[in-house]
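Each chain, written out:
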Amino acid sequence: MNNDTQQNDFSVKIGLAEMLKGGAIMDVTNAEQAKIAEDAGACAVMALERIPADIRRDGGVARMSNPKMIEEIQQTVSIPVMAKCRIGHFAEAQILQALEVDFIDESEVLTPADESNHIFKRDFTVPFVCGATNLGEALRRIGEGAAMIRTKGEAGSGNIVEAVRHMRALQNEMQRLTTVSKEQRMSISKDMGAPYDLVCYVAEHGKLPVPNFSAGGIATPADAALVRQLGAEAVFVGSGIFKSDDPAARARAIVKATTYFDDPTVLLEVSRGLQAGMKGLEMSEIPEDERLAARGW
Amino acid sequence: MRKTVGILALQGAYQKHVDTLSALRITPVLVRRPEELKNCAALILPGGESTTISLLIQQYDLYEAIKIFAASHPVMGVCAGMIMMATEVDDKRVEPLGLIPFKALRNHYGRQVHSFTTAIKLADSDFNGNAFPATFIRAPGITDMAPQVKILACYKNEAVMIQADRHLALSFHPELSGDTRIHEYWLRNL
């Protein structure tokens, strides 16, 4: 390398994920909401036309957002701007990369475009984040080139139970891998459907080779603190903020709860006085075939 | 006795500095409250989002505490942390600490698709003269330095690493490289 050589390799992609740690990434649907999120201390925003709760309510095909709307948000805020593409829809991802979004979320919240394959993410310069419900799924996504994993939870539910289930599953499987003998790693790789070298990495380090965030169902400061204490390195907050009665105050409270996640005095202080949160859905109200977390292969 | 160095842990890449300091046999301490500075011999302001970090510094009484700490202890600011070191920032939402007299330019090197790693030459002989693998992530720029500020490294004729007294400010991320020379240089007189 010399002074004129620039490289954008995998470590540069993970580098941005490292910078987002300890922060709250918020779903926003227009420039005004993006401004509220940034002023509240969000470390990034996710630009999308409809938040998950509305996608769930409206039905129909959910696609990549209109580039014009994403551009307006890019022009309004200085923090990183992320956007979602459909699972397997590499043409949407190409458009988002040309738009220079800072991170692409290949997301189960949108209607999948490919029922067998995810995007081959290593071909892109822009980093990707993907959802996972367990370790095998996380390692398949990393194998394809994801620079960040977020546990899926159940987007648009306002219910933290699935986020907890997925974070616990991931942590338990990683913990277990560190205790098995080397002979068992190949068999585990086969059972999980996960790349062998990544199974070995987790067995040796006890963690993923990329940052591990939490998403799907975070509606309160306490929810953010809960998933942080369970091992999430940062949080994505979707419908929870702009479906509440007090978006700006709630956004500020969740930012603080994400930083001071293990300090109950701060959690109490920021939880006090918030207005009603989003109503949310009991999981039994969401039919199995409408659960977004099941999307992804 | 092992020395203790604080890392501001409000938001951002603080864990990578924990790893770097541990490799140097220094005890890292995460700093989220003013009283946690008490046992620290030096402080790192890590990368992250400067708007987020600035807001939390103000809200949790760290602004004055860090300024007082910096009057008698070395501080190293990286990326967003470098922005916090400046006397002036091209964004009113960030209230910098003014630890080194220069102006910080946010996102000077562009959005993430323009982030990169490159080898930079370190000016000082203290670095063994070898190139350093510098990773720039949506990196800020350095301009309008006061005369007493020393430039330790440049990229394309622009300063990317500067020093004043015992304080260091960097546009790029030494903690992402696995190369500990810059941390060692900063901590050499501790």
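1. What about the overall build of chain B?
Here's step 1: Regarding its fold elements, chain B presents five helices and 12 strands.
Here's step 2: Here the C-alpha radius of gyration of chain B, 15 Å, is about what a compact globule of 190 residues would show, namely 16 Å.
Here's step 3: Each of the three principal axes of chain B carries a C-alpha extent, and together these read 40 × 40 × 35 Å.
Here's step 4: Split into buried and exposed, the 190 residues of chain B put 61% on the buried side.
Here's step 5: Considering only contacts within chain B whose residues lie at least 6 apart along the sequence, 64% involve residues at least 24 apart.
Here's step 6: Surface accessibility of chain B: about 7,100 Å² in total, with carbon and sulfur atoms responsible for 47%.

2. Some remarks on the pattern of salt bridges
Any two side chains of opposite charge can pair if their charged atoms end up close together.
Residue and element names in this part refer to chain A.
Here's step 1: For the coordinates displayed, the defined rule picks out 30 salt bridges over all chains.
Here's step 2: Between lysine 21 and glutamate 233 there is a salt bridge, with the nearest N and O atoms lying 3.2 Å from each other. Here glutamate 233 lies in the loop between helix H10 (221–229) and strand S8 (235–237) and lysine 21 lies in the loop between helix H1 (10–20) and strand S1 (24–28), a separation of 212 residues in the sequence.
Here's step 3: Its relative accessible area of 26% is what places glutamate 233 among the partly exposed residues.

3. Some words on empty space enclosed by the protein
All names here are of chain A.
Here's step 1: This model, assessed by the stated rule, comprises three cavities of 30 Å³ or more.
Here's step 2: Approximately 180 Å³ is the volume attributed to the largest cavity.
Here's step 3: For the largest cavity, the lining is made up of 22 residues, of which Asp27, Ala155, Ala215, Gly216 and Gly238 are closest to its centre.
Here's step 4: Each residue belonging to the lining of the largest cavity can be placed in one class, and the counts come to eight nonpolar, eight polar and six charged.
Here's step 5: Here the second largest cavity defines a volume of roughly 110 Å³.

4. Quick look at the environment of glutamate 36 of chain B
Residue and element names in this part refer to chain B.
Here's step 1: Note that glutamate 36 resides in the loop between strand S2 (27–31) and strand S3 (42–45).
Here's step 2: You can call glutamate 36 partly exposed: its relative accessible area is 30%.
Here's step 3: If sequence neighbours within four positions are ignored, glutamate 36 has contacts with Val29, Leu30 and Val31.
Here's step 4: A distance of 2.8 Å separates the side chain of glutamate 36 from the backbone nitrogen of arginine 33, its partner in a polar contact.

5. With respect to the interface of chain A and chain B
Here's step 1: Tallying the contact residues gives 49 residues for chain A and 41 residues for chain B.
Here's step 2: Between chain A and chain B, the buried area comes to about 3,500 Å², and carbon and sulfur atoms account for 50% of it.
Here's step 3: Counting the contacts that link chain A with chain B gives four salt bridges.
Here's step 4: Put simply, the parts of the chain that give the side of chain A that touches chain B at least two residues each are H1, helix H2 (31–40), helix H12 (247–259) and helix H13 (264–271) of chain A.
Here's step 5: With eight residues, H1 of chain A is the single largest residue contributor to the side of chain A that touches chain B.
Here's step 6: Counted by class, the side of chain A that touches chain B contains 18 nonpolar, 17 polar and 14 charged residues.

6. So, the confidence of the model for chain B
Here's step 1: Taken over all residues, the pLDDT of chain B has a mean of 95, while the share at 70 or more is 98%.
Here's step 2: The ipTM for the predicted assembly is 0.95, set against a pTM of 0.95.

7. What to know about the layout of surface pockets
Here's step 1: Each pocket or cavity is described by its volume, and for the largest pocket that value is around 820 Å³.
Here's step 2: Lining the largest pocket are 40 residues, with Glu18, Lys21, Lys207 and Glu233 of chain A together with Gln15 of chain B positioned closest to its centre.
Here's step 3: Among the elements of the structure, H1, helix H7 (161–177) and helix H9 (196–205) of chain A together with helix H1 (14–23) of chain B are those that each provide at least two residues to the lining of the largest pocket.
Here's step 4: Looking at the lining of the largest pocket element by element, the count peaks at six residues for H1 of chain B.
Here's step 5: Class assignment for the residues of the lining of the largest pocket results in 15 nonpolar, 14 polar and 11 charged.

8. Quick notes on the sheet that holds strand S5 (residues 88–89) of chain B
Residues and elements named next belong to chain B.
Here's step 1: Pairing is mixed in the open sheet, where three strands are placed in the order S5-S6-S9. If you trace the sheet from one side to the other, it starts and ends with S5 and strand S9 (141–143), each paired once.
Here's step 2: Note that strand S6 (residues 103–105) and S9 share three bridges and pair antiparallel. Bridging across to S9, leucine 105 finds its partner in glycine 141.

9. Considerations on helix H3 (residues 62–70) of chain B
Here's step 1: Looking at H3 of chain B, one finds that the buried residues are Leu62, Tyr63, Ala65, Ile66, Phe69 and Ala70 of chain B.
Here's step 2: In the core, the buried residues of H3 of chain B are packed alongside strand S1 (4–8), S2, S3, helix H2 (50–59), strand S4 (75–78) and strand S12 (167–170) of chain B.

Each value, and the rule that gives it
- Residues numbered from 1 in each chain as written.
- Chains lettered and ligands numbered in written order.
- Predicted model: local features only at pLDDT ≥ 70, side-chain atom pairs only at ≥ 80, totals over all residues.
- Heavy atoms only, no water.
- Helix = DSSP H or I, 4+ residues; strand = E, 2+ residues; numbered from the N terminus.
- Rg over C-alpha atoms; globule rule 2.2 N^0.38 Å.
- Buried < 20%, exposed > 50% of the residue type's maximum accessible area, 1.4 Å probe, protein only.
- Contact = heavy atoms within 4.5 Å.
- Areas by Shrake-Rupley, 256 points an atom, 1.4 Å probe, with all protein chains shown as cover.
- Salt bridge = Lys/Arg side-chain N within 4 Å of Asp/Glu carboxyl O.
- 1 Å grid on protein atoms, 1.4 Å probe; cavity = no way out; pocket = protein on both sides within 12 Å on 5 of 7 lines; lining within 4 Å.
- Points joined across faces, edges and corners; volume = space filled by probe spheres on them.
- Nonpolar A, V, L, I, M, F, W, Y, C, P; charged D, E, K, R; others polar.
- Polar contact = N/O pair within 3.5 Å; in protein donor to acceptor, adjacent residues only side chain to side chain.
- Buried area = accessible area lost by both parts, 1.4 Å probe.
- pLDDT = per-residue confidence, 0-100.
- Pairing = 2+ DSSP bridges.

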